[in-house]
Amino acid sequence: MTEDKNLELAELLYPHIKTLPEDMERRYPPRNLPEGAKVTRFAPSPTGFIHLGNIYSALIDERLAHQSGGVFFLRIEDTDEKRAVEGGTELIIDMLGKYGIYFDEGATKDGDKGDYGPYRQSLRKEIYQTYAKQLVREGKAYPCFCSPEELEQIRSEQVAQKLTPGYYGKWAKWRDASLDEVKKMLDDGVPFVLRLRSQGTEGKSFKFTDLVKGEIDVSENFIDHVILKSNGMPDYHFAHAVDDHLMRTTHVVRDESWLPSLPLHIELFRALGFKMPKYIHTAQVLKIDEETGKKRKLSKRKDPEFGLSFFYESGYPPIVMIEYLMTLLNSNYEEWRMANPDKHYTEFPFSIKKLSPSGCLFDFDKLNDIGRDVISRMTADEVYSQVSEWAKEYDPELYAEISADPSYAKAIFAIGRGGKKPRKDFAKWSDVKPYLSFFYDRLFKIEDEIEPRFDKADIRRALELFLESYEEADDRNAWFDKIKAIAAELGYAPEMKLYKESPEKYKGNVGDVAMFLRVALTGRLNSPDLYDVLHVLGKERVAGRVREFIGSLG
RNA sequence: GGCCCGUUGGUCAAGUGGUUAAGACAUCGCCCUUUCACGGCGGUAACAGGGGUUCGACUCCCCUACGGGUCACCA
């Protein structure tokens, strides 16, 4: 009786669906993968925007799949046309590609790749409806014709009565509607959503094991959630169950804000007769909200500065972001990194067990430290090519200067690089310009002043003597001996030791003389090693700047 | 508010019943040094609170507090 009713209802609702679940099972058979291989996915909406939290979980997905010889695919969750952004999918693929995250299958810039597609949910309508129709046949789902106003009405009554809001029990007016009632609405062309006929009980709970949270308490779902929207498209929950089953996902990685809907997902998988994947609900990356002073999860709308593209534009090399995220993901990563400074992060034995169940605050200090460290290990050539790639897009002035004479630029980047204890001047590419601007005449300017306590005549004399004695061929020691000699001639201590013993005997020390020269050449009180600077600048430029500085002394 | 998750120094965090409670970043001091950066050495700094269980709790249980998340035809 009721079975007949359900069969008729299913035909009434989805007459155009001729396929059955078994057709889908045949079309998407279990994957032929070695034991232990994990299948994971990254499943964004095509908004074109990826923030730190997204790549945080994408990295986990990627590592789990590729470390186990499995499959990592990209699925586009575009069931809500309102969220879609023109070219959003391409933007996401490009951005992830910049960070070295690649997919084995899924949506690509020219169509889909792989045997389990389509990988864009908007193209999977028939698949969802096949399962939805089956659920109706089995009496596990039913149409609901309530208008948004009616639902709002129900909701406010529930709130007034301090009841759990939602479509369930006596509030679920279409749950037990007769076939005739449904037919009437259908004939009148009233739009409907499909709802799950929940079997759960409010207040009941059970244990569930999440791979990072461990054993957690889950309340039974008892709400007749929407599974197919009035446009016939599934919502997230239904699509998740159908897609991850058919695409044979073994591990679902998502942030913990999904935990509250886990009960629904569990009921959905049971109703559909699917085996549950393993779940990895990750803690969130948080920030301190400027207004409240409290921690909160990153928000796409409020925190554009945590968008991946923002970090990219700021010049953080993608690998630096990855390195930082790895330290957050697996706490033993830093130790491993110190022991294996030259290995690629993919060689690190990534472990689910090491994922922390608690949220973490994003730390720019730490990011910058990692940035300095990573960049300090690059060769001058690598630095040059990465800086120019970045500057080409985000700092045309810098790009123009360095690309005009690559070997000059590389000589600059070579200063203090390559040894056991390399300089760490840059955490990100936007730090480069302020550091090297003085090497370029167009960017050079006197930024710092020599303290007025020094006699201008001394400064002039020191620089004149330098000009007379400077030989580019001198080695480091010979060069500095000459600076010492100049110091002595002016009545400045030629050795720091002498000066410290009796500062009253001298007008200053050799360091001060070097400082005069430093300001003349770099315009600053601080700079990289002067001998190196001199040689990069070249004799001509050195002489020119020193003369000009002498002139400016008046 | 209901439900769920979390809580070791300023930050990220080791720890899995007996530790002087690691390490990294930040911070402070000293050293190296012609400036800066690097590097070296050292310091300050933590188990949210209260009950149990136990010979013994950071570790196990309960309660409280605090923090976070979530309650859509959005994902």
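Higher on the page you've got the structure.
Please read these numbers as outputs of a predicted model, since none were measured by experiment.

**Student:** Which residues make up the packing of aromatic side chains, and what are the values?
**Tutor:** One pass over the structure, following the stated rule, counts 35 aromatic pairs. Summarising the aromatic geometry, the rings of tyrosine 131 and phenylalanine 274 are spaced 5.4 Å apart at their centres and angled 75 degrees between planes, so their arrangement reads as edge-to-face. Within this pair, whereas tyrosine 131 is found in helix H5 (residues 125-137), its partner phenylalanine 274 is found in the loop between helix H9 (262-272) and strand S11 (278-282), the two being separated by 143 residues in sequence. Relative to phenylalanine 516, the ring of phenylalanine 454 has its centre 5.2 Å away and its plane inclined at 80 degrees; by these criteria the two rings are edge-to-face. You can see phenylalanine 454 sitting in the loop between helix H17 (432-436) and helix H18 (456-469) and its partner phenylalanine 516 sitting in helix H21 (residues 510-522), a full 62 residues away along the chain. By relative accessible area, which is 0% here, phenylalanine 516 ends up buried. Pairwise contacts between aromatic rings join Phe306, Phe311, Tyr316, Tyr324, Phe362 and Phe364 into one cluster. Between the NZ or CZ atom of arginine 195 and the centre of the ring of tyrosine 167, over which it lies, the distance is 3.7 Å.

**Student:** So what's going on with unusual backbone geometry? Which residues, and what values?
**Tutor:** Proline 118 follows glycine 117 through a cis peptide bond whose omega is 0 degrees. For proline 118, the position within the fold is in the loop between strand S4 (111-113) and H5. One non-glycine residue, lysine 162, lies in positive phi territory at about 55 degrees. Within the secondary structure, lysine 162 sits in the loop between helix H6 (148-160) and helix H7 (179-187). Since its relative accessible area comes to 76%, lysine 162 is described here as exposed. Positive phi, normally seen in glycine, also occurs at arginine 248, with a value near 60 degrees. Along the chain, arginine 248 turns up in the loop between helix H8 (236-246) and strand S10 (251-255).

**Student:** A description of the protein's contact with RNA strand B should follow, citing residues and the corresponding values.
**Tutor:** Taken together, 57 residues are adjacent to RNA strand B, and Thr79, Lys229, Lys366, Arg423 and Asn526 come closest. At a separation of 2.8 Å, a base oxygen of RNA strand B approaches a polar side-chain atom of serine 230. At 3.2 Å, a side-chain N or O of lysine 294 approaches a phosphate oxygen of RNA strand B. Among the elements of the structure, strand S6 (193-196), strand S8 (214-219), H8, strand S13 (295-297), strand S14 (360-361), helix H13 (364-376), helix H19 (476-490) and H21 are those that each provide at least two residues to the surface near RNA strand B. Here the element with the most residues in the surface near RNA strand B is H13; it accounts for four residues. In terms of residue class, the surface near RNA strand B is made up of 18 nonpolar, 13 polar and 26 charged.

Calculation notes
- Residues numbered from 1 in each chain as written.
- Chains lettered and ligands numbered in written order.
- Predicted model: local features only at pLDDT ≥ 70, side-chain atom pairs only at ≥ 80, totals over all residues.
- Heavy atoms only, no water.
- Phe/Tyr/Trp six-rings, centres within 6.5 Å; stacked < 30°, edge-to-face > 60°.
- Helix = DSSP H or I, 4+ residues; strand = E, 2+ residues; numbered from the N terminus.
- Buried < 20%, exposed > 50% of the residue type's maximum accessible area, 1.4 Å probe, protein only.
- Lys NZ or Arg CZ within 6 Å of the ring centre and 35° of its normal.
- Near = heavy atom within 4 Å.
- Polar contact = N/O pair within 3.5 Å; in protein donor to acceptor, adjacent residues only side chain to side chain.
- Nonpolar A, V, L, I, M, F, W, Y, C, P; charged D, E, K, R; others polar.

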